[in-house]
Amino acid sequence: RLVHELKVNCMQRRKIEIHSPDSSVAGTNNFKIIVADVACERIFTVNDVEHGGCKYGIINLSGLGKESLTVEMYDNLYFTNRKVNSVCWASLTHPDSHLCLMGIAETPGCASLLPASLFSSTNPGDRPGMLCSFKISTAWSCAWCLNPQADNCFSTGLTRRVLVTNVVTGHRQTFGTSSDVLAQQFATQTPMLYNGCRSGEIFSIDVRQRNRKGQSWKAIRLFHDSAVTSIRLLEAEHYLMAADMAGKIKLWDLRTAKCVKQYEGHHNEYAILPLHVNEEEGLLTAVGQDCYTRIWSLQDAHLLRTIPSPHPSSKDAIPSVVFSSRLGGSRGVPGLLMAVKQDLYHFSYN
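For clarity, every value in this text was computed on a predicted model and none was experimentally measured.

Caption draft 1: Structural detail: the pairing of strand 23 (residues 275-278). Pairing of strand 23 with strand 24 (residues 283-287), which is carried by four bridges, proceeds in the antiparallel orientation. Bridge pairing links Asn278 to Leu283 in strand 24. Hairpin connection between strand 23 and strand 24: a loop of four residues separates the two successive antiparallel strands, and Gly282 in this loop has a positive phi of roughly 70 degrees.

As structure tokens, then:
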């Protein structure tokens, strides 16, 4: 832990230059969400636009070297973009080939699956259409399944129900719940979907089952005292990390259904804020609604560092972060990316 503590406390903030082939893109709109692909070569960005919509883009991190801190940003001007509640990368034709977006419309909402190639500089003439788009009630969360037993499926956490859609066959399964589903993650070793609810309940579903009424299909059930805003399975899938709207972060042992650790200091009362677990470095990262980014030791739950936002704290300027041992791919640099307002920062970890 002392090595991690030293590294985390030596992290220095540096601003990243964002270059864009379309000069109107970079640095003009506030970042709302950034989500990295599995290899951490790209981040998908959602930026607020003045007239009320959103702009989506992909930032290529390959330019993040030890010396230079420049990245390329590509966006897509071909379709109007809804505000987004939740985003995840999807591996349909190859790893992280697509993006699942849960858009907020006034009513109803919209779930879309977009090819990531929409946002590349290559082949502007070759614009594949949306692969899948359908109207839904308000969607809070989404997750893509990497287990071969539930291939090509993504899940949507809705108001009082869970929808699992096979994007190739169009087949859909609905599971009724007693509460809004605010957080989701699929296991990879089994076709299980974990769900965190506004009621504080966390439960798992085996998605091979057919739709069932009642609650009998819930496999594991855990309970927080407040709305669950984020869940992360640890690699071996024996443990699950969960955060709630009381600012509690708990590590659950799924074999005994008992809480085995608590991580103190997180601040949240109303926001759906993600957890970031990095087992390779043994770190847990979370941004609170107070706009502070906190980093804990996974192993002993000790709070290692509290990083203030570079901008004044406000409800619409909560930083969005990504932590990785390899930002920019297999030869990348370790560190924390922080997007806040119109800026992107890198905190090196080495």
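There's more to say after this.
Caption draft 2: Expanded view of the sheet that holds strand 23. Pairing is antiparallel in the open sheet, where four strands are placed in the order 23-24-25-26. Of all strands in the sheet, those bounded by a partner on one side alone are strand 23 and strand 26 (303-307). Strand after strand, the sheet turns through a mean of 15 degrees between neighbouring axes, direction not considered. Relative to strand 26, helix 1 (residues 2-9) is tilted by about 10 degrees, and along the sheet it contacts strand 24, strand 25 (293-297) and strand 26.

Caption draft 3: Quick peek at the UniProt feature "repeat: WD" (unreviewed entry) in the chain. Taking the numbering used here, the UniProt-annotated feature "repeat: WD" (unreviewed entry) corresponds to residues 224-262. Segment residues 224-262 splits into 0% helix and 56% strand. End C-alpha atoms: 12 Å apart.

Caption draft 4: Spotlight on the sheet that holds strand 16 (residues 192-197). Pairing within the open sheet is antiparallel, and its four strands lie in the order 15-16-17-18. Looking at strand neighbours, the two that pair on one side only are strand 15 (181-186) and strand 18 (218-223), the edges of this open sheet. Averaged over neighbouring strand pairs, the angle between their axes works out to 20 degrees when direction is ignored. The pairing of strand 16 with strand 17 (residues 201-206) spans five bridges and is classified as antiparallel. Paired with Gly196 across the strands is Ile202, a residue of strand 17.

Caption draft 5: Focus on the packing of aromatic side chains. What the rule picks out here adds up to four aromatic pairs. Ring geometry for Phe44 and Tyr56: centres 5.8 Å apart, planes at 50 degrees, overall tilted. Of this pair, Phe44 sits in strand 4 (residues 42-48) while Tyr56 sits in strand 5 (residues 54-60); the two residues are 12 residues apart in sequence, bridging distant segments of the chain. Its relative accessible area of 1% is what places Phe44 among the buried residues. Ring centres 5.4 Å apart and planes at 75 degrees place the aromatic pair Phe323 and Tyr349 in the edge-to-face group. Taken together, the residues Phe323 in strand 27 (residues 320-327) and Tyr349 in the segment after strand 29 (343-348) connect sequence positions 26 residues apart. Given a relative accessible area of 10%, Phe323 falls into the buried group. An aromatic cluster is present here, built from Phe44, Tyr56 and Phe119 joined pairwise through their rings.

Parameters and conventions
Residue numbers restart at each chain and count upward from 1, following the sequence in its written direction. Owing to the predicted nature of the model, reporting of local features is limited to residues with pLDDT of at least 70; listing and counting of side-chain atom pairs is limited to 80 or more, with chain, interface and lining totals taken over all residues. Note that water and hydrogens are dropped before the side-chain values are worked out from all heavy atoms of the structure. Pairs of strands are assigned from DSSP output, requiring at least two bridges between the strands. Numbering of helices and strands runs from the N terminus; a helix is a DSSP stretch of H or I covering at least four residues, while a strand is a stretch of E covering at least two. Whenever a helix is involved, its axis is fitted only over the stretch in contact; in every case the axis is a line through C-alpha atoms, and angles between N-to-C directions fall within 0 to 180 degrees. Residue contacts are defined here by distance: any two heavy atoms, one from each residue, within 4.5 Å place the two residues in contact. UniProt positions are given in the numbering used here, feature names are shortened, and annotations may be inferred rather than shown by experiment. Note on aromatic pairs: the rings of Phe, Tyr and Trp (six-membered ring only in Trp) are paired at centre separations within 6.5 Å, and the planes decide the class, stacked below 30 degrees, edge-to-face beyond 60, tilted for the rest. Buried means the residue's accessible area, taken with a 1.4 Å probe over protein chains only, is under 20% of the maximum for its type, while exposed means over 50%, and partly exposed covers the values in between.

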